Amino acid sequence: MTATLEIDGLKVAIGAANVLRGVSLALQPREVRGLVGESGAGKSMLGRAVLGLLPANATIISGSITFEGRNLLAMHETERRKLLGRRIALIPQDPMTSLNPVKRVGVQIGNLLRHHLGVSKRVALARASELLAEVAIREPARVLSLYPHEISGGMRQRVLIAMAFACDPALVIADEPTTALDVTVQRQVLQLVERLRQRHGSAVLFVTHDLGVVAKICGSMTVLHGGRVLEDGETADVLARPRHAYTRALLAATPRADRPAEALRPVPPALIEQLWSEARRLDRLTIAGPT
Amino acid sequence: MADLALSSPVVRQSRLLAALQRGGARLWVGAAVVALLVLVAVLAPVLAPHDALEQDLMSAQLPPSWIVGGDHAYLLGTDSLGRCVLSRLIYSARTAVMVALVAATLAALIGVALGLFAGSFGGWVDQAISRLIDVWMAFPPVLLSIVLAAVIGAGLTSVIAAIVVVDWTRFARVVRAETMVQLTRDYAAAARVIGLSRAKLLRLEILPNLVPLLATLLAVEMGIAILVEVILSFVGISVSGDTPTWGSMIAEGRQIVYQAPWIMALPIGCIITSVIGFNLLGDGLRLALDPVQRS
């Protein structure tokens, strides 16, 4: 069986700074993998690399990104665009700014459907209405006629989730979709992603820094730090028996209902320092070449 | 899974009404002045009491009718050749409106196209277009128009051409900057991720966001176009001599300003009113169309 997504030894630099230092991970069809790490770990960069959204000054030094057996990096731009939105979709981080402010919700969903499925305007609107009903929005027809600023943040996020799953993608990259929402809305959004994923048969790469989220919906997880994979495995295994010191430190720093708040431990600075010096050593090795 | 309903029935009469309200007095006054101007221009043959070229040397330099010595046949008096000032003002509006609409629109089309190009491609394309704009803007605009009109020759077309050639930079520069800003917004990235090509991205996503800005610029540019036309006709290189224009009326009135000041004052009043009208309209449109102001 071909993996949905296979990233192999991906190295990306922005200017002189390395942001990904040889990341490898794989996503099987229908798998939900959490990608966790602190800010600057490179987790968003990884998502952007898959989507072809790296900033203009970023260079891919080596490695490959394979989607359903096809190398995304070697693919022609137009070829790749056909996959985006249709086979590979994104749930963006900030629902407040990710919809076009001057276009009605219905027009935005409709354009997506017409662009990829080539359906008529009328069919697209009908389908858009179904999609909104699927993400449990009441009065979908009315919401379609509204502008983004006229609906709540939670509803905007649902619209974006509906758009991501609209064309039955094989892979959905969820880039911290819950960070900008308050906690009560977060849970609903997670349930929604889970439900739509099952219905549309998509694999999900869930980028987050929230281990609670990973425990809830991800079957497997990858821990990233300084652009390297520190730990990788089934979520249950990793959480129960973390092998890397950093994962253990992260777990100790995560609040849990069954532990008093005083038990929280920040990640020790010495450990962070050690990880970064390892990363820098890796950079030197790369420059010197393998010996 | 909880259903999510609209929290409150979104109270909204009609979007048009709301927009008009946001525009406020500026929008109303501006639109009224501009509408009046256009109406006068279109209906000139109906509105004008006399032929604008008809000379009545027996009644030259008559003051407006309410002043002692005025004639009721000539509401705003006559010029030194005995031509009806009111009729000439009305007919002049035709040239002004024509130049304002056509020149500003053409300048906008060229400017927007180049601005979008520069803003979205970046790199050497952007460099080339931006440097071109810089060089272009280094010329004093009125001087450039005068030289151009003198080179191409007089006539309505050459006035319009001169304005377009000079003023496309105004649009190009603003559109370039705004395109760059809009492209960094999350919605643009989200649109790219659904696989839109550059052309589609610009047309479907970016351009609609530039509309408020463009409407404002266009209205202001129309005011500027009127001014440039006035300057060109004042120095005598606009449309041919037998077509009345506000600029040529000022030029003629200037020589007898001490004897008959109204001949010069009236066209100046028309110019000021119409330029203010266009500027107010631009301001009002900005308020009415700005998505941030919508709520």
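Since we're looking at a predicted model, the values are computed, not measured.

Procedures and definitions
- Residues numbered from 1 in each chain as written.
- Chains lettered and ligands numbered in written order.
- Predicted model: local features only at pLDDT ≥ 70, side-chain atom pairs only at ≥ 80, totals over all residues.
- Helix = DSSP H or I, 4+ residues; strand = E, 2+ residues; numbered from the N terminus.
- Buried ≥ 20, exposed ≤ 12 C-beta atoms within 10 Å, placed from the backbone.
- Contact = placed C-beta atoms within 7 Å.
- Nonpolar A, V, L, I, M, F, W, Y, C, P; charged D, E, K, R; others polar.
- Expected span 1.5 Å × (residues − 1).
- Bend = angle between axes of the 7 residues up to and from the residue.
- Axes fitted to C-alpha atoms, helices over the stretch in contact; angles between N-to-C directions.
- Parallel < 35°, antiparallel > 145°, perpendicular 65-115°, else oblique.
- Left-handed = near helix turned anticlockwise from the far one by under 90°.

Student: What's the story with the overall build of chain B in this structure? I'm lost.
Tutor: Along chain B, the regular secondary structure elements total ten helices and zero strands. Taken from N to C terminus, the helices and strands of chain B fall in the order α-α-α-α-α-α-α-α-α-α. Each principal axis of the C-alpha distribution contributes one length, and for chain B these read about 90 × 50 × 30 Å. The buried share among the 295 residues of chain B stands at 43%. Put simply, of all contacts in chain B between residues at least 6 apart along the chain, 70% involve residues at least 24 apart.

Student: Just to check I follow, could you spell out the interface of chain B and chain A for this structure?
Tutor: Interface size is often expressed as the accessible area that is lost when the parts come together. Each side of the interface is counted separately: chain B has 26 residues, and chain A has 39 residues. Listing elements by their share of the side of chain B that touches chain A, those giving two or more residues are α7 (186-193) and α8 (198-234) of chain B. Per-element tally for the side of chain B that touches chain A: the top contributor is α7 of chain B, with six residues. Of the residues that constitute the side of chain B that touches chain A, the class distribution is 15 nonpolar, five polar and six charged.

Student: I'm lost on helix α6 (residues 156-184) of chain B in this one. Help?
Tutor: Since the α-helix advances by 3.6 residues per turn, residues separated by three or four positions end up pointing in the same direction. For α6 of chain B, built from 29 residues, the straight-helix expectation of 42 Å at 1.5 Å per residue is met to within 8% by its first-to-last C-alpha distance of 42 Å. For α6 of chain B, the principal kink sits at Val166 of chain B and spans about 35 degrees.

Student: Explanation requested: the packing of helix α9 (residues 246-255) of chain B against helix α10 (residues 261-289) of chain B in the structure shown.
Tutor: Helices that pack against each other are described as a pair by the angle of their axes relative to one another and the distance between those axes. Residues and elements named next belong to chain B. Running from amino to carboxyl end, α9 crosses α10 at an angle of 155 degrees, the nearest separation of the two axes being 8 Å. One element, α9, and the other, α10, form an angle in the roughly antiparallel class. Considering only the axes of α9 and α10, their crossing is left-handed. Here α9 contributes Trp246, Met249, Ile250, Gly253 and Arg254 to the contact with α10, which in turn contributes Ile263, Met264, Pro267, Ile268, Cys270 and Ile271. Here the residues of the contact of α9 with α10 are counted per class, giving nine nonpolar, one polar and one charged.

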